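Notes for the structure review
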Amino acid sequence: YGHRSDGPRNEVVKGLRAAGYSVIPNASSGGMGWERKGVPDLTIGGRRGMWYLEVKEAGGVLSPSQKDFHEHWRGPQILVAHSIEEALDMLGMGR
(Lines give C-alpha, C1' and ligand atoms only; values in the text may rest on other atoms or scores of the structure.)
Protein backbone atom coordinates (compact mmCIF):
# COMPACT_ATOMS: atom_id res chain seq x y z
CA TYR A 1 0.00 0.00 0.00
CA GLY A 2 3.08 2.22 0.52
CA HIS A 3 3.66 5.37 -1.54
CA ARG A 4 0.78 6.93 -3.35
CA SER A 5 0.25 9.92 -5.57
CA ASP A 6 -2.05 12.70 -4.40
CA GLY A 7 -3.07 13.40 -8.02
CA PRO A 8 -6.56 11.87 -7.87
CA ARG A 9 -7.18 13.29 -4.41
CA ASN A 10 -6.24 16.82 -5.49
CA GLU A 11 -8.51 16.54 -8.54
CA VAL A 12 -11.39 15.33 -6.38
CA VAL A 13 -10.89 18.11 -3.80
CA LYS A 14 -10.90 20.79 -6.52
CA GLY A 15 -13.92 19.29 -8.26
CA LEU A 16 -15.98 18.93 -5.08
CA ARG A 17 -15.21 22.48 -4.00
CA ALA A 18 -16.16 23.74 -7.49
CA ALA A 19 -19.46 21.86 -7.12
CA GLY A 20 -20.19 23.73 -3.88
CA TYR A 21 -19.11 21.20 -1.24
CA SER A 22 -16.98 21.96 1.81
CA VAL A 23 -13.95 19.66 1.81
CA ILE A 24 -11.48 19.04 4.63
CA PRO A 25 -8.47 16.79 3.93
CA ASN A 26 -7.93 14.40 6.84
CA ALA A 27 -4.28 14.06 7.86
CA SER A 28 -3.04 10.52 8.44
CA SER A 29 -0.27 11.76 10.71
CA GLY A 30 0.91 14.93 12.32
CA GLY A 31 0.60 14.49 16.05
CA MET A 32 -2.75 16.21 16.58
CA GLY A 33 -3.87 13.33 18.78
CA TRP A 34 -6.99 12.32 16.81
CA GLU A 35 -5.41 10.71 13.77
CA ARG A 36 -5.90 6.99 13.25
CA LYS A 37 -4.73 4.68 10.53
CA GLY A 38 -7.50 3.97 8.07
CA VAL A 39 -9.30 7.33 8.41
CA PRO A 40 -10.69 8.30 4.98
CA ASP A 41 -8.88 10.97 2.95
CA LEU A 42 -11.58 13.65 2.99
CA THR A 43 -14.49 14.93 5.07
CA ILE A 44 -17.18 16.42 2.83
CA GLY A 45 -20.07 18.67 3.83
CA GLY A 46 -23.03 19.66 1.69
CA ARG A 47 -26.63 20.75 1.99
CA ARG A 48 -27.81 17.16 2.16
CA GLY A 49 -25.32 15.88 4.73
CA MET A 50 -21.80 14.94 5.59
CA TRP A 51 -19.65 12.10 4.29
CA TYR A 52 -16.19 10.66 4.48
CA LEU A 53 -14.52 9.97 1.14
CA GLU A 54 -11.61 7.65 0.47
CA VAL A 55 -9.94 8.49 -2.86
CA LYS A 56 -8.16 5.67 -4.66
CA GLU A 57 -6.02 5.47 -7.79
CA ALA A 58 -7.67 3.63 -10.70
CA GLY A 59 -7.87 -0.01 -9.65
CA GLY A 60 -6.85 0.84 -6.06
CA VAL A 61 -8.31 -1.08 -3.14
CA LEU A 62 -8.71 -0.41 0.57
CA SER A 63 -5.77 -1.24 2.83
CA PRO A 64 -6.30 -3.55 5.83
CA SER A 65 -6.42 -0.54 8.21
CA GLN A 66 -8.97 1.20 5.95
CA LYS A 67 -11.15 -1.93 5.85
CA ASP A 68 -10.97 -2.11 9.65
CA PHE A 69 -11.97 1.55 9.98
CA HIS A 70 -14.91 1.09 7.59
CA GLU A 71 -16.09 -1.98 9.49
CA HIS A 72 -16.10 -0.26 12.89
CA TRP A 73 -17.13 3.28 11.93
CA ARG A 74 -20.53 4.43 13.23
CA GLY A 75 -20.53 7.99 11.88
CA PRO A 76 -21.25 9.56 8.48
CA GLN A 77 -21.29 7.30 5.44
CA ILE A 78 -17.90 6.43 3.94
CA LEU A 79 -17.68 6.55 0.14
CA VAL A 80 -14.82 5.25 -2.01
CA ALA A 81 -14.19 6.96 -5.35
CA HIS A 82 -11.53 6.72 -8.06
CA SER A 83 -12.33 10.03 -9.82
CA ILE A 84 -14.22 13.29 -9.41
CA GLU A 85 -16.96 11.97 -11.71
CA GLU A 86 -17.44 8.91 -9.51
CA ALA A 87 -17.49 11.06 -6.36
CA LEU A 88 -20.12 13.41 -7.81
CA ASP A 89 -22.24 10.44 -8.93
CA MET A 90 -22.16 9.02 -5.39
CA LEU A 91 -23.20 12.39 -3.98
CA GLY A 92 -26.07 12.64 -6.46
CA MET A 93 -24.53 15.35 -8.63
CA GLY A 94 -23.31 13.28 -11.57
CA ARG A 95 -22.89 15.04 -14.86
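Model, not experiment: these values are computed from the prediction.

Criteria and thresholds
- Residues numbered from 1 in each chain as written.
- Predicted model: local features only at pLDDT ≥ 70, side-chain atom pairs only at ≥ 80, totals over all residues.
- Heavy atoms only, no water.
- Core = buried A, V, L, I, M, F, W, Y, C linked by side-chain atoms within 4.5 Å.
- Buried < 20%, exposed > 50% of the residue type's maximum accessible area, 1.4 Å probe, protein only.
- Helix = DSSP H or I, 4+ residues; strand = E, 2+ residues; numbered from the N terminus.
- Pairing = 2+ DSSP bridges.
- Right-handed = clockwise from strand over helix to strand, strands pointing away.

The next subject is the nonpolar core. Grouped together as the largest cluster of nonpolar side chains are 16 residues, with contacts concentrated most on Val12, Leu16, Tyr21, Leu42, Ile44 and Leu53. Elements represented by at least two residues in this core include exactly α1 (7-18), β2 (42-46), β3 (49-55), β4 (78-81) and α3 (84-90).

The pairing of β3 with β4 spans 4 bridges and is classified as parallel. In the sheet register, valine 55 faces β4, and the bridge partner there is alanine 81. Handedness of the crossover joining β3 and β4 through helix α2 (residues 64-72) is recorded here as right-handed.

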